[in-house]
Amino acid sequence: MSQGPQKDRPWIFRTYSGHSTAKASNELYRTNLAKGQTGLSIAFDLPTQTGYDSDHVLSRGEVGKVGVPISHLGDMAALFEGIPIEQMNTSMTINATAPWLLALYIAAAEAQGADRSKLQGTTQNDIVKEYLSRGTYVFPPAPSLKLTADVISFTYTELPKWNPVNVCSYHLQEAGATPVQELSFALANAIAILDAVKAEGQVPEEDFPTVVGRISFFVNAGLRFITEIAKMRAFVDLWDEICQSRYGVDDPKLRRFRYGVQVNSLGLTEQQPENNATRILLEMLAVVLSKDARARAVQLPAWNEALGLPRPWDQQWSLRMQQIMAFETDLLEYGDIFNGSVEMTAKVESLKAEARAELARIDAMGGAVAALDEAYMKKALVLSNTERLKRIESGAQVVVGVNAFKETAVSPLAQSSDGGILTVPESVEFDQIASLNAWRSKRDGKAVEAALADLKSAAQEGRNFMEPSIAAAKAGVTTGEWGAALRDVFGEYRAPTGVILEEDDAPDLEEMKARVRQVSAKLGGSLKLLVGKPGLDGHSNGAEQIAVRAGDLGMAVIYDGIRVTPEEIVAKAKAEDVHVIGLSILSGSHVPLLRDVMGRLREEGLENIPVVVGGIIPDEDRLVLGQMGVKAVFTPKDYQLTEIMGKIVDLVDR
């Protein structure tokens, strides 16, 4: 009997998941592993990502919503109950608090009897892109890069199979990055990280190529199929150049561009959500078709992520897409099918040339951190996203079911009794806080104090932070205590918003600008809009674009960026004497946060200021928000920004 052709090993199959509690997430992980998933990808909730305990004021409404809350070692142990950590390949999407979550992971593994040197997986640990896109930064760039470098230097000796940083261009594309910006900004981030490791001097010079070889990337694949394949091939070539020319890495294996991918969520639509399954499959093809630029790990969103949190069945559908591609097709039996393609070669070379030019501009500024301080990259992303939205609004960029082919039958997929999504009950937060208080009451207080003192002294002295963090994890220190200790030493940081507020002279806006002038005249001064991001949700794209369009129309806009409390929003509204408040919340915490904001407005006698909200908000929650007094709710299907502005102006006029 003849054997078939030799096949490549498939990539690691992952689904990005975690919600509610460690126990519920553990059940989900074990179910997914039983279905053939070959690696774990942990989603942490926003308090965990930003270094707060579940009972902190900023955590209100956010606990367990976009990921699993991990407040201490007990939570991490529960997350991996019955799952042998030493045998897992675990990806953790964690950045500002990456040293802490890795410390908890190591402590939990050792409690299982694991050998830390055998642990395999990835910490994202790319803090630079957090200032640009996702917004879960905590500390200023310099100490944040020090913490990143500490993780890299520590894992190089202690966890030799671990990928200590996943330079992440994924969220850059989600924030509107063009392929050239995704290439150049991500590579500039990687250079900044490696330069920081080198400057720290914790790694001997002769071993530095080995450290370079452990750097991995986490990228995005959108729907411009050919361009995305070319982008990945360009990434491979450019990274090889940088490793060789900048860092003198001679071994081609250590120059390999190793990447995982989550395909694009920005393009998923609330309208006709069944179309998203086709989009996801095409986006996956862009990162598996080209053997020389194939992803090492793939995780796919679910068809209904524009509606809310996917259910286990929805995640299974995305997992099955990967398995069918790997095991039912002949994809893994062939070499790279694009080698020798005239079109592909031309596109790759064009992207590389543009990316090199952009990298040179960033380098001339002093590198990625200097470009952050000048808001150069952030402004570029906001502008690119503005241009993208304008193309969709005008119809120049077709989005099926949104601005073209809008006629549709009702989707049976979204008609189930649960609304087609998983919801996290408010009781989860109360239960997590009760569990946290019980943990605090049972631990050795003196051991906690000693561990926190050592954490602070490590930060002050510039020592590597990992062993003190592992000791703190074992002593029972909580996520919020770890975060507070470092905040005391390093302080906090507010990144530039990148929003440029000025009136646009575009002729298609003239009618709405006249309407704004008319209402402003009635008010006796410019119509004032306060744009707010309450809670810990750092996905600021929507808020930024609303602020930009309001500025285009001549409104006076107040926007201070992410992570503000309801109390601060109401105080700002009162101090600035605003005419309307627009809040952006994408984490699912809209009900408790709006309840707080509306109550505070009433207490201050400001209940006549109309409040509107935008986010991923299910229909049943619209009714709840309306009963609170919210005047309008906008979701991802409301893509015409000028129409949104018109509704806001009408509210003020009334």
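The rules we used
- Residues numbered from 1 in each chain as written.
- Predicted model: local features only at pLDDT ≥ 70, side-chain atom pairs only at ≥ 80, totals over all residues.
- Heavy atoms only, no water.
- Helix = DSSP H or I, 4+ residues; strand = E, 2+ residues; numbered from the N terminus.
- Rg over C-alpha atoms; globule rule 2.2 N^0.38 Å.
- Buried < 20%, exposed > 50% of the residue type's maximum accessible area, 1.4 Å probe, protein only.
- Areas by Shrake-Rupley, 256 points an atom, 1.4 Å probe, with all protein chains shown as cover.
- Lys, Arg positive; Asp, Glu negative; His and termini not counted.
- Charge placed at Lys NZ, Arg CZ, Asp CG, Glu CD.
- 1 Å grid on protein atoms, 1.4 Å probe; cavity = no way out; pocket = protein on both sides within 12 Å on 5 of 7 lines; lining within 4 Å.
- Points joined across faces, edges and corners; volume = space filled by probe spheres on them.
- Nonpolar A, V, L, I, M, F, W, Y, C, P; charged D, E, K, R; others polar.
- Core = buried A, V, L, I, M, F, W, Y, C linked by side-chain atoms within 4.5 Å.
- Contact = heavy atoms within 4.5 Å.
- Pairing = 2+ DSSP bridges.
- Axes fitted to C-alpha atoms, helices over the stretch in contact; angles between N-to-C directions.
- Phe/Tyr/Trp six-rings, centres within 6.5 Å; stacked < 30°, edge-to-face > 60°.
- Right-handed = clockwise from strand over helix to strand, strands pointing away.
- Patch = residues over 30% accessible without salt bridge, like charges linked within 9 Å, V, L, I, M, F, W, Y side chains within 5 Å.
- Salt bridge = Lys/Arg side-chain N within 4 Å of Asp/Glu carboxyl O.

Draft legend 1. Inspection of the overall build of the chain at higher detail. Across its full length, the chain holds 25 helices and 15 strands. For 654 residues, the compact-globule estimate of 2.2 N^0.38 gives 26 Å, and the C-alpha radius of gyration of the chain, at 24 Å, lies within 12% of that figure. A principal-axis box enclosing the C-alpha atoms of the chain has dimensions of 75 × 70 × 55 Å. In the chain, buried positions account for 60% of the 654 residues. Carbon and sulfur atoms form 52% of the exposed surface of the chain, whose accessible area is close to 25300 Å². Of the side chains in the chain, 67 bear a positive and 86 a negative charge, and the two mean positions are spaced by 2 Å.

Draft legend 2. Looking closely at the layout of surface pockets. Here the second largest pocket defines a volume of roughly 980 Å³. Among the elements of the structure, strand 1 (12-14), strand 4 (89-92), strand 5 (120-123), strand 8 (216-219), strand 9 (259-262) and strand 10 (297-299) are those that each provide at least two residues to the lining of the second largest pocket. Of the residues contributing to the lining of the second largest pocket, the split by class is 14 nonpolar, eleven polar and eleven charged.

Draft legend 3. Region of the structure containing the environment of glutamate 620. Take glutamate 620: it is sitting in helix 24 (residues 619-628). When the C-alpha positions of glutamate 620 and glycine 340 are compared, they lie 54 Å apart, and in sequence the two are 280 residues distant.

Draft legend 4. Broad picture of the nonpolar core. In terms of nonpolar packing, the biggest core is built from 172 residues, with Phe217 and Trp239 touching the most fellow members. In terms of residue count, the dominant contributor to this core is helix 8 (residues 179-200) (13 residues). Among all residues touching tryptophan 239, those that are not within four sequence positions of it are Leu187, Ala190, Leu194, Val212, Ile215, Phe217, Arg255, Arg256 and Phe257.

Draft legend 5. Quick peek at the sheet that holds strand 13 (residues 580-584). Across the sheet, which stays open at both edges, the five strands sit in the order 12-11-13-14-15 with parallel pairing between neighbours. A strand with exactly one partner marks an edge of an open sheet, and here the two such strands are strand 12 (556-559) and strand 15 (632-634). Averaged over all pairs of adjacent strands, the angle between their axes in this sheet comes to 20°, without regard to strand direction. Looking at chain direction, strand 11 (residues 528-532) and strand 13 are connected through four bridges and run parallel. Residue pairing in the sheet places leucine 530 in a bridge with isoleucine 581 of strand 13. The strands that helix 22 (residues 566-576) touches are strand 11, strand 12 and strand 13; relative to strand 11, the one it contacts most, it runs at about 165°. Of the strands in this sheet, strand 13 and strand 14 (611-614) touch helix 23 (residues 590-603), which is tilted by about 165° from strand 14.

Draft legend 6. Spotlight on the packing of aromatic side chains. With the rule as written, the count across this model stands at 19 aromatic pairs. An angle of 75° between the planes, with centres 5.9 Å apart, marks the rings of tryptophan 11 and phenylalanine 13 as edge-to-face. For tryptophan 11, a relative accessible area of 4% corresponds to the buried category. Under the relative-accessibility criterion, phenylalanine 13 is labelled buried at 2%.

Draft legend 7. Quick look at the pairing of strand 14. The two faces of strand 14 match: Val611 and Val613 on one face and Val612 and Gly614 on the other face are all buried. Each parallel crossover has a hand, and for strand 13 linked through helix 23 to strand 14 it is right-handed. Here three bridges tie strand 14 to strand 15, and the two strands are oriented parallel to one another. The residue of strand 15 that forms the bridge with glycine 614 is phenylalanine 634.

Draft legend 8. Representation of a positive patch on the surface in the model. Positive charge collects at one region of the surface, where Arg9, Lys253, Arg256 and Arg296 lie side by side. Mapped onto the elements of the fold, arginine 256 is located in the loop between helix 10 (225-245) and strand 9. Judged by relative accessible area, arginine 256 falls into the partly exposed class, the value being 44%.

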